[in-house]
Amino acid sequence: MFFERIEQAPADPILGLTDAFKADPRSSKINLGVGVYQNEDGITPVMKCVKEAEQILLEEEKSKTYLPITGFPEYGQFARELIFGKDNPLATDGRAVSCHCPGGTGALRIGADFIHQQHVSNTVWISDPTWANHYQIMTSAGIKFERYPYYDRVNHSLAFERMLETLLQAKEGDVVLLHACCHNPTGVDPTVEQWETLGAFLKEHKLLPFVDFAYQGLGKGLNEDAQGVRILNKYCPEMLIASSFSKNFGLYSERVGVLTVTSEDVETAKRVLSQIKIAVRTAISNPPAHGEKVVLKVLSDTRLRSMWEQELSEIRERIHKMRQELVDKLSAAGAGDYKFFVEQNGMFSFSGLNKEQVEKLKADFGVYIVGSGRICVAGLNERNIDRLVEAFVAVTRE
């Protein structure tokens, strides 16, 4: 037989955790493992601006024909405006090209395929820790990876000096994968000054930035979260950015992302785009349409865009509120100093719990978090936060 020797693959650590959570019969169980935003009611909501855009599209839509291989040109332009700023020439002057990909993951994979197929580089440096799928995406695309230290577990901060010291080992032409903001899983981001230092470092050592921009708007704000990318581009005219609209539009199931590549001049950018089209064509043929049309409708309509920015602000503020409330309640319970939770950005934080403590959270309290100790702060609400604090205190005092 052809398939009899195929082995069972290990479960995805996040999806496997969700399966275990669903099978848990306890009514008090809490899932802080899955990386999606949830509101106070524990629901991943459809944004009002998205609902309105979909209603308009339903009335206006006359065809379900294929999109262009790279998506609508206007979609790419709006994506570049969000990344670089509306007044930045890169949004319109042709030195940056964009293509719609199935989610941020698809953008990472198409970017990796482009790097490998065009012999741009054969090694990518990835932060340790990082989103686990980064390693698999690069390996599947044929690129080998190295790790650079990122997180100072003792001080709950960025291990910036060790990061740069390790990247001194990178060879000229290597790729460095960076998180633009809301680092997954730590929530720790470089400061503006560190971004400047990093940009100068990459330029000096001739390293190519590949930026994972999955959470724009969920950290400090749409423009604030883009500071790192904009600073890098001052030093590095060539870079790749994988953006996602899954989180900041709540379009998780629609798979809406975009790969943007910047070049030194327009002619180079045209050649880059021609090869990206081949990578897209061979991988997915054409991008999915619905999510892209929703994003395009919202961003091109003044009223809907204003509504989106307000809703995104409310999401961001709720995450900040739950961070602060968690710190206050842990402090009141005598659990120790967890102020680092409010110094981190986005949906995720490293709790500092070890694997044994994580297992006790699950076994004794029905609290599900990733084995690394990462928690999804966006999964907290007024109904479960006291239960989480109780569990934290119990497992950390033993």
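The model shown is predicted, which means the values in this text are computed figures rather than measured ones. (Residues numbered from 1 in each chain as written. Predicted model: local features only at pLDDT ≥ 70, side-chain atom pairs only at ≥ 80, totals over all residues. Heavy atoms only, no water.)

**Q** Account for the packing of aromatic side chains, naming residues and giving values.
**A** Evaluation of the coordinates by the stated rule reveals 10 aromatic pairs. Look at Y75 and F245: their rings are 5.9 Å apart centre to centre, the planes differ by 70°, and that puts the pair in the edge-to-face class. Of this pair, Y75 sits in helix α3 (residues 73-84) while F245 sits in the loop between β9 (239-244) and β10 (257-262), and the two are 170 residues apart along the sequence. Note on Y75: relative accessible area 2%, which makes it buried. (Phe/Tyr/Trp six-rings, centres within 6.5 Å; stacked < 30°, edge-to-face > 60°. Helix = DSSP H or I, 4+ residues; strand = E, 2+ residues; numbered from the N terminus. Buried < 20%, exposed > 50% of the residue type's maximum accessible area, 1.4 Å probe, protein only.)

**Q** Can you break down helix α4 (residues 103-117) residue by residue, with the values?
**A** Relative to the 21 Å expected for 15 residues at 1.5 Å per residue, α4 spans 21 Å between its end C-alpha atoms, a close match to the ideal helical length. Every buried residue of α4 is listed here: G103, G104, G106, A107, L108, I110, G111, A112, D113, F114 and I115. (Expected span 1.5 Å × (residues − 1).)

**Q** Tell me about α3, and please be specific about residues and values.
**A** Here α3 contains 12 residues, and its C-alpha end-to-end distance of 16 Å stays within 8% of the 16 Å for a straight helix at 1.5 Å per residue. Y75, G76, F78, A79, R80, E81, L82, I83 and F84 are the residues of α3 that are buried. Just downstream of α3, G85 is the residue with a positive phi angle, here 105°.

**Q** Outline the pattern of salt bridges, supporting the account with residue identities and numerical values.
**A** A complete count under the given rule lists 18 salt bridges for this structure. One salt bridge in this structure joins E60 and K297, with 3.2 Å as the shortest N-O distance. Of this pair, E60 sits in helix α2 (residues 48-60) while K297 sits in helix α10 (residues 290-300), and the two are 237 residues apart along the sequence. The buried category is assigned to K297, whose relative accessible area is 19%. The residue D174 makes a salt bridge to K171 at a minimum N-O spacing of 3.9 Å. Salt bridges here are not isolated pairs; linked through shared partners, they connect E61, K64 and K293. (Salt bridge = Lys/Arg side-chain N within 4 Å of Asp/Glu carboxyl O.)

**Q** Explain the pairing of strand β8 (residues 208-213) residue by residue, including any values.
**A** Of all 6 residues in β8, 6 are buried, a share of seventy percent or more. Residues L208, F210 and D212 line one face of β8 and the alternating positions P209, V211 and F213 line the opposite face, and both faces are buried. Note that the unit made of strand β7 (residues 175-179), helix α7 (residues 192-204) and β8 has a crossover that is right-handed. Bridge analysis of β8 against β9 gives 4 bridges, and the strand direction is parallel. Each bridged residue has a counterpart across the sheet, and for D212 the counterpart in β9 is A242. Of the crossover connections in this fold, the one passing from β8 over helix α8 (residues 227-235) to the parallel β9 is right-handed. (Right-handed = clockwise from strand over helix to strand, strands pointing away. Pairing = 2+ DSSP bridges.)

The analysis is restricted to geometry; functional conclusions fall outside its scope.
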